[in-house]
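# Structural characterization, general
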Amino acid sequence: MAPSNPLANWERLGSSFYRKVPVYYSVFDEDVELENYIVAAAPYGGAIALHRDESKPFRFKDAQTTKSNIDIYSRSGNLINRLNWEHGTIRGLGWSDQEELLVITEDGTVRRYFGLYGDFTSFSLGNGAEEYGVRACRFWNSGFVALLSNNQLIAVSNYDEPRPKLLAACPEGEVASWSLIPPAYTLSRSVEVLLAVDKTVYLIDPTEAEDKVLQNGPFKHASVSPTGRFVALITAEGKVWVVSSDFQSKFSEYDPESRVTPRTVAGVVMMLLLSHGRTRCISSALMALLPDTTTMELFMFYQSLTAWDLSPTIHTNICIKSQVRRLVSYSAPELTLADVTEAIFRLGSTSPASVLLDSIDLLDRKSPKADENIQRIRSSLPEAVDTCVKAAGHEFDVHWQKRLLKAASFGKSVLDLYNSDEFVEMTEKLRVLQAVRDFKIGLPISYEQYMRLTSEKLIERLVNRREYLLAIRVSEYLQIPADKIYVHWASQKVKVSTVDDEAVCRLIVQRLEGKPGISFEVIAQAAYDEGRAHLATQLLNHEPRAGKQVPLLLNMEEDEIALDKAIQSGDDDLINYVLIHLKGKLPLASFFRMINTRPTASALVETTARGEDTELLKDLFYQDDRPVDGSNVLLSEALSETDLARKQEKLQLASRLLADSKDPTVVLHQKLLSESSQLLKVQEALDKDLAERSEFLGLSLNETIYRLIRSGYGKRAQKIQGDFKMPEKTYWWLRLRALVAKRDWGELEEIGKVKKSPIGWEPFYNEILGAGNTKLASVFVPKCTNLPAEDRIEMWVKCGMIVKAGEEAFKAKDVNTLENLQSKTSGPSAVEIGRMINQLRPKK
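Computed from a predicted structure; not experimentally measured.

Rules used in this analysis
- Residues numbered from 1 in each chain as written.
- Predicted model: local features only at pLDDT ≥ 70, side-chain atom pairs only at ≥ 80, totals over all residues.
- Heavy atoms only, no water.
- Helix = DSSP H or I, 4+ residues; strand = E, 2+ residues; numbered from the N terminus.
- Buried < 20%, exposed > 50% of the residue type's maximum accessible area, 1.4 Å probe, protein only.
- Contact = heavy atoms within 4.5 Å.
- Areas by Shrake-Rupley, 256 points an atom, 1.4 Å probe, with all protein chains shown as cover.
- Pairing = 2+ DSSP bridges.
- Patch = residues over 30% accessible without salt bridge, like charges linked within 9 Å, V, L, I, M, F, W, Y side chains within 5 Å.
- Salt bridge = Lys/Arg side-chain N within 4 Å of Asp/Glu carboxyl O.
- Lys, Arg positive; Asp, Glu negative; His and termini not counted.
- Charge placed at Lys NZ, Arg CZ, Asp CG, Glu CD.
- Axes fitted to C-alpha atoms, helices over the stretch in contact; angles between N-to-C directions.
- 1 Å grid on protein atoms, 1.4 Å probe; cavity = no way out; pocket = protein on both sides within 12 Å on 5 of 7 lines; lining within 4 Å.
- Points joined across faces, edges and corners; volume = space filled by probe spheres on them.
- Nonpolar A, V, L, I, M, F, W, Y, C, P; charged D, E, K, R; others polar.
- pLDDT = per-residue confidence, 0-100.
- Phe/Tyr/Trp six-rings, centres within 6.5 Å; stacked < 30°, edge-to-face > 60°.
- Core = buried A, V, L, I, M, F, W, Y, C linked by side-chain atoms within 4.5 Å.
- Arc of directions from axis to C-beta.
- Polar contact = N/O pair within 3.5 Å; in protein donor to acceptor, adjacent residues only side chain to side chain.
- Parallel < 35°, antiparallel > 145°, perpendicular 65-115°, else oblique.
- Left-handed = near helix turned anticlockwise from the far one by under 90°.

Let us look at the overall build of the protein. Within the protein one finds 33 helices and 29 strands. Buried residues in the protein amount to 50% of all 844 residues. Summarising the internal contacts of the protein: among those between residues at least 6 apart in sequence, 49% fall at separations of at least 24. Here the protein displays about 41,700 Å² of accessible surface, and carbon together with sulfur accounts for 48% of that area.

Shown next, in the form of structure tokens:
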């Protein structure tokens, strides 16, 4: 027998109809007294957390313990985990969008549980929470507000980076009720709190507490609509007021027949969801659960509409995210549902989608009327197909899902052109939804919730429940990478496994072999966190990315392995990262010993230190017994020093480093450093004696002697030459150039009277000729006896002495040269050269 029509047992609510549809049966044991528990339900069909309310009397039973726990159930009532609680009185229990459990204790400690199996981080509210104590908490999708016993409010708006912040100072008095408006629905984009104190209500934000000046309090209940637009207030007499959130407009006042104050009130604006389903958009509404009864009144703002008898004991849970209101019942969570199905299933409906669905029954009976129906709605057939596809998504019953999809399939088969992507996608989504809605899984998420949550987040929720097989199958079906699922499984394996490390590692590697995108670094981190460092090291050997291996190895203090892995990767940045870590951690001697056997690491340290840390560079050269390199560093520092004393000090240190070496090259190097230090002293004395300002300090030995000779201090220059044992050739070159630059022709002429020059006489000729003194230059031509006649002839010509050039050619008996010279001159010079030519020609 087919299931009943989806419109069976509908109730009127204003101009719309709603129904109760069972999702699960026998969810909780009958002896569980939910009214005595603090209950929090995660959004998007998430888990339910239950904690015994210590403020209510407890009825002891056989074998029952007084130990406090937080029980985490699926929506189908399966116990997922039990957290032993011995950390103080709980004042707040809530969930984030990522299905993370938030537990706030009386002393202001907040625990944020990741997953559903006990991993957590904690932080403190501070701001006086420990002194005054937390009284109650209210949650929204990404934060919460805690009310202290002194009426002070503390807000936390981000769980990833919690920064508890005090709201504006609150008025004194007894708080009858309170509620909050999430930041997404306030003009200030900060959370705002409604605090019912005495006969009025205060609107409190981070900067001020505004009195709304009401006179009908105290208000026993205050509830804000999911969109933050409306506020429902219930007085002590049971009257219900519905006003705008700015308290400027009053929409309705309702006086129910019952004079008892409801124990739970929830405002529903534009969308109502009880338990696990979704409604279509409706007018603003409110629901109230009466105390000590099973009656829930659901009414519009302007009139009471309906009252439902809910069996047997109900606990309401408010979930602002996704605009939902859920009921948690012992027997079966129930829901109201109204969506596009109304257009199809409404009694007497003649909509194209309803006609298309009826055609399926006619088609099954092989009735020709099926084709008549199709032709009748031919112009609206694409719309009808789309409606059936959407309606299938909003149905929980598999039978009606199949019927609606079959109707859509029949309709699109008649169309010539129709894009079937939406139909195919809906089929895929419904298969996934049916899998997670199964009683064993207990994720009764609606189609709209699934679309907002996304497939990836749904898979994360399956993984958090350790439903690995289903998570993998859903990932493969939706073509989503499953690497995170395998990694999570392996991480849990290393946490709970009791076998030896080698066996666990072998099992994990075998199971994950060939799986793309697997990060063994995450698995190794889990092993290390469990105190299994050896297993973590083994697992890291299978991580192909060195950048993932190295940081964890360093955290595990496997320094040498980390350095070797970095070197093997060939990534200089990664090697430097390890080296910086090791340098800051190890004594310098140990650091050098570690890198000495690793040339790549040593070379990188040296390269980096040259530009950033010369002290480290000197220590490295000293440790490696490289005195020349160490001396060069000191020499470089000395050259860049401006202070003479420090310059000399560094030169002496550089020289001292080389003192014990017997290598001739090193000895020479050491001698030059000593002379450099000595030269600085001489230059300092010269600056004091000969110049008003620094003219010699910092010059080389050659430059010092050159400047002294040019300045007329030849004797001092000669003394310095002797002191520093400068070679004669070098000294003569410096003396020649300095005298030429000085234009001291007399001194040069006196030098020319010397019989022998260490550098020869040609340099004198060239330098003086270059200075333009041809006459003095010609004095040195006869002294260049080592040059061939051709060169001396050229020298005489450059000095303008053609006859002297001819005499050189005559001595060489070179008639051709004489004839060339004769052609270049005239007058007596030409006659003289002609005479020489005649003497050399043979007589006829």
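Let's shift gears to the pairing of strand β13 (residues 153–156). Residues L153 and A155 of β13 are buried on one face, and the alternating residues I154 and V156, pointing to the opposite face, are buried as well. By the bridge criterion, four bridges tie strand β12 (residues 143–148) to β13 in an arrangement that is antiparallel. Of the residues in β13, the one forming a bridge with V145 is A155. Here β12 folds back onto β13 in antiparallel fashion, the turn holding four residues, of which N151 has a positive phi close to 70 degrees.

Turning our eyes to something else, we now look at a negative patch on the surface. Together, D421, E422, E425 and E428 give the surface a local cluster of negative charge. By the element assignment, D421 lies in helix α7 (residues 421–437).

So, about the sheet that holds strand β9 (residues 109–114). In space, the four strands of this open sheet follow the order β7-β8-β9-β10, with antiparallel pairing throughout. The open sheet is flanked by β7 (90–95) and β10 (119–124), the only strands paired with a single partner. Neighbour-to-neighbour, the strand axes of this sheet turn through a mean angle of 20 degrees, independent of strand direction.

Paired through backbone hydrogen bonds, the strands of a sheet run either parallel or antiparallel to each other. Strands sit in the order β11-β12-β13-β14 across an open sheet of four strands; the sheet is antiparallel. Looking at which strands have only one partner, the edges of the open sheet turn out to be β11 (134–140) and β14 (165–166). Here β11 runs beside β12; their pairing, made up of six bridges, is antiparallel. Paired with W140 across the two strands is G143, which belongs to β12.

Looking now at the side chain of N36. Among the secondary structure elements, N36 is positioned in the loop between β2 (16–22) and β3 (37–41). Those residues within four positions of N36 in sequence are excluded, and the remaining contacts are R52, D53, K56 and P57.

Before going further, it helps to examine the layout of surface pockets. Its volume calculated, the second largest pocket comes out at about 1,200 Å³. As for the second largest pocket, its lining consists of 39 residues, of which E460, V463, N464, K484 and H488 are closest to the centre. Residue assignment for the lining of the second largest pocket shows that the elements contributing at least two residues are α9 (455–464), α11 (483–496) and α13 (520–529). Ranked by residues supplied to the lining of the second largest pocket, first place goes to α11 with nine residues. The residue inventory of the lining of the second largest pocket, partitioned by class, reads 14 nonpolar, ten polar and 15 charged.

Now for the confidence of the model for the protein. In this model, the protein carries an average pLDDT of 79, and 77% of its residues clear a pLDDT of 70 or more. The low-confidence segment residues 265–284, where pLDDT is below 50, has 97 contacts with residues more than four positions distant or belonging to other chains. Scored below 50 in pLDDT, residues 288–338 shows 214 contacts in the model against residues more than four places distant or in partner chains.

What follows covers the pattern of salt bridges. For the coordinates displayed, the defined rule picks out 25 salt bridges. Linking E174 and R135 is a salt bridge whose minimum nitrogen-to-oxygen distance equals 3.3 Å. You can see E174 sitting in the loop between β14 and β15 (175–181) and its partner R135 sitting in strand β11, a full 39 residues away along the chain. Residue classification places E174 among the exposed positions, given a relative accessible area of 56%. The partner of E460 in a salt bridge is K457, and the shortest N-O contact between them spans 3.9 Å. Of this pair, E460 and K457 are both found in helix α9, three residues apart, which corresponds to roughly one turn of the helix.

The tally for this structure, following the rule as stated, stands at ten aromatic pairs. With 5.6 Å between their ring centres and 45 degrees between their planes, F139 and F144 make a pair best called tilted. Each member of the pair, F139 as well as F144, carries the same accessibility label: buried. Taken together, the ring pairs connect W732, W761, F764 and F780 into an aromatic cluster.

With that settled, consider the nonpolar core. The biggest cluster of nonpolar side chains holds 95 residues, and the ones touching the most others in it are L356, V494, I508, L512, I523, L539 and L579. If one sorts the elements of this core by residue count, helix α5 (residues 381–394) sits on top with seven residues. Filtering out sequence-adjacent residues up to four positions away, L579 remains in contact with L563, F591, I595, A601, L604 and V605.

Looking at the secondary structure, you find A47 in the loop between β3 and β4 (48–52). With a relative accessible area of 0%, A47 lands in the buried category. Setting aside residues no more than four positions away along its own chain, A47 makes contact with A40, A41, A42, I72, Y73, R75, I80, W95, E99, L116 and R465.

The set of residues buried in helix α27 (residues 745–752) consists of L748, I751 and G752. Seen end-on, α27 carries its buried residues on one side only, within an arc spanning 105 degrees. In this fold, the buried residues of α27 make contact with α26 (728–742), α28 (762–770) and α29 (774–779).

In this section: the side chain of E99. Mapped onto the elements of the fold, E99 is located in the loop between β7 and β8 (101–105). By relative accessible area, E99 is classed as buried at 0%. A polar contact of 2.9 Å, which involves the side chain of E99, links it to the backbone nitrogen of A47. In this structure the side chain of E99 is engaged in a polar contact, spanning 2.6 Å, whose partner is the side chain of R465.

Across the interface, α5 lies against helix α6 (residues 398–414) with an axial gap of 8 Å and an inter-helix angle of 160 degrees. With respect to each other, α5 and α6 are oriented roughly antiparallel. In the crossing of α5 with α6, the sense of the turn from one axis to the other is left-handed. Contacts from L381, V385, C388, V389, A391 and A392 of α5 reach α6 at Q401, L404, L405, A407, A408, G411, K412 and V414. In terms of residue class, the contact of α5 with α6 is made up of eleven nonpolar, two polar and one charged.

This part takes up the environment of R138. One can find R138 in strand β11. Once residues lying within four places of it in the same chain are set aside, the contact partners of R138 are F144, V145, W178 and L180. At a separation of 3.3 Å, a polar atom in the side chain of R138 contacts the main-chain carbonyl oxygen of W178.

On to the pairing of strand β17 (residues 200–204), then. Most of β17 is tucked away: five of the five residues are buried. Of the two faces of β17, the one carrying T200, Y202 and I204 and the one carrying V201 and L203 are both buried. Two successive antiparallel strands, strand β16 (residues 192–197) and β17, enclose a turn made up of two residues, where D198 displays a positive phi of approximately 55 degrees. Judged from the three bridges that link them, β17 and strand β18 (residues 209–211) form a sheet pairing that is antiparallel. Residue I204 lies in a different strand from β18, and its bridge partner there is A209. Adjacent in sequence and paired antiparallel, β17 and β18 are bridged by four residues.

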